[in-house]
Amino acid sequence: MQVAGIIAEYNPFHNGHAYHLQKTRELGATHIAVVMSSSFVQRGDIAACSKWARAEAALRGGADLIVELPALYALSPARNFARAGVALLHRLGADWLCFGSEEGDGERLRQAAGLAAEAERSALMGELLSRGLSYPRARAAAVAELYGGDWPQLITGANNLLGMEYIRAIQEIAPTLLPVTIPRCQTLHDGEEAGETIASASVVRRHLRRGELAALTRYLPDSSFRICLEEISRLRAPVTERAVERLLLNRLRELTPEELALLPEVSEGLENRLSRAAKAAVSLEDFYMKAKTKRYTMARIRRISFCALLGITRELQQTPPSYLRVLGANRRGMEILARAKEREGVPISSKFASLYRQHPAGIETEVRATDLYALAMPSVHPCNLDFTTKPVIL
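About the thresholds
- Residues numbered from 1 in each chain as written.
- Predicted model: local features only at pLDDT ≥ 70, side-chain atom pairs only at ≥ 80, totals over all residues.
- Heavy atoms only, no water.
- Salt bridge = Lys/Arg side-chain N within 4 Å of Asp/Glu carboxyl O.
- Helix = DSSP H or I, 4+ residues; strand = E, 2+ residues; numbered from the N terminus.
- Buried < 20%, exposed > 50% of the residue type's maximum accessible area, 1.4 Å probe, protein only.
- Expected span 1.5 Å × (residues − 1).
- Axes fitted to C-alpha atoms, helices over the stretch in contact; angles between N-to-C directions.
- Parallel < 35°, antiparallel > 145°, perpendicular 65-115°, else oblique.
- Contact = heavy atoms within 4.5 Å.
- Nonpolar A, V, L, I, M, F, W, Y, C, P; charged D, E, K, R; others polar.
- Phe/Tyr/Trp six-rings, centres within 6.5 Å; stacked < 30°, edge-to-face > 60°.
- Lys NZ or Arg CZ within 6 Å of the ring centre and 35° of its normal.

## What about the pattern of salt bridges?
Evaluation of the coordinates by the stated rule reveals 31 salt bridges. We note a salt bridge from R302 to D45, for which the minimum N-O separation is 3.5 Å. Of the two residues, R302 is situated in helix α17 (residues 298-310) and D45 in strand β4 (residues 45-46); the sequence distance between them amounts to 257 residues. R302 gets classed as buried once you look at its relative accessible area, which sits at 11%.

## Let's talk about helix α21 (residues 360-376)
With 17 residues, α21 should cover 24 Å at 1.5 Å per step; its first-to-last C-alpha distance of 24 Å lies within 8% of that length. Every buried residue belonging to α21 is among I363, T365, E366, V367, A369, T370, D371, L372, Y373, A374 and A376, and all of these are buried.

## Structural notes on the packing of helix α13 (residues 245-254) against α17
Taken N-terminus to C-terminus, the directions of α13 and α17 make an angle of 85°; their axes are 9 Å apart at the nearest point. Taken as axis vectors, α13 and α17 run roughly perpendicular relative to one another. Here L247, L248, R251 and L252 of α13 come into contact with α17, specifically with S305, F306, A308 and L309. Of the residues assigned to the contact of α13 with α17, the class counts are 6 nonpolar, 1 polar and 1 charged.

## Details of the packing of aromatic side chains
Under the criterion given, the structure shown has 6 aromatic pairs. With a centroid separation of 5.0 Å and 75° between ring planes, the pair formed by Y10 and F13 is classed as edge-to-face. For Y10, a relative accessible area of 2% gives the class buried. A relative accessible area of 1% means that F13 is categorised as buried. Each residue in the set F352, Y356 and F387 is aromatic and connected to the rest through ring pairs, giving one cluster. Of note, R108 hangs over the ring of W151, and the distance from its end group to the ring centre comes to 4.7 Å.

## Considering the packing of α13 against helix α16 (residues 284-291)
Helix-helix packing: each pair is described by the crossing angle between the helix axes and the interaxial distance. Where α13 meets α16, the axes come as close as 10 Å, and the angle between the chain directions of the two elements is 40°. When the axis of α13 is compared with that of α16, the two are oblique. Contact with α13, carried on its side by E245, L248, L249 and L252, involves L284, E285 and F287 of α16 and no other residues of that element. Taken together, the residues of the contact of α13 with α16 break down into 5 nonpolar, no polar and 2 charged.

Below, the structure is given as structure tokens:
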């Protein structure tokens, strides 16, 4: 058994994701396990389709096992996102971590990760941050000045950045996991241009949320398209943050600057800016624009906002995953689980109620996230979907 692990969001599952799975198989993976973001995603957004619909699409698209990356970690900066995903794959006993990148050369990414880590520890990094640069921009500028060459360009690609964080997480907590990268094809992460059959997830989401279903047939595998249609017909998709806009604004207005300071990624007085922006803003978009600066990226502000609504603090987000929840599997996925259950580590189960009894503190945030997601669906759904929805078994 050769188990390849993937960390993904599949928001939604499109042809680029199917290509990644196909290439992973061609590299020799007999089994593929995916750690997938649940109801919220790393860019600070609510997922367009439910985690169960996305899990089914991934299984029908070539994956064997889908486990949940809880919202607690999905709504975190790249480093925490990567560490949580790597920790869960390590618990599953994955042999590789296979990820897409703009670079496509794993050794170069490993070298870039080392240079980026050195640059972050330099005095120059602190100086650049003090000038108001965002962390990614400051790091790229520090690498440019310290090492030159094409290293700054290499570490600015969105997938390259995640890839470097995966490599660093592997070195720190899962040294037996082998990083393997596959070059992205046709389009860039979050790019606005689309190829003939592959578009970025942001382009696909825009078509989905606008109801432009004919366009989706170009970019989604048939099975994923059918699942999307089924979700739409049952008024479970597409989900947008607009449905919870007033809830979110109200929560941001309620929190004092001292309470805002406890949220992840809030530092250096940002809590005061957030408080002022929340009280003055008349929409979420207005809040984001008032809070955003050159130093604080839009994705960071968006993640902070949803963490505020879900009660995710900096301290809570820094705790390691306390459980591993199965969202879906096929026969090969069951084989991965059978082998994983022989290893020591956090409990693994497809039975959410059982996990909840063992680790209620770690799971309550996920329950809140799914309950909020149920409110955001086109037709409001009841609470406790985590307890009443069965995993997808093919």
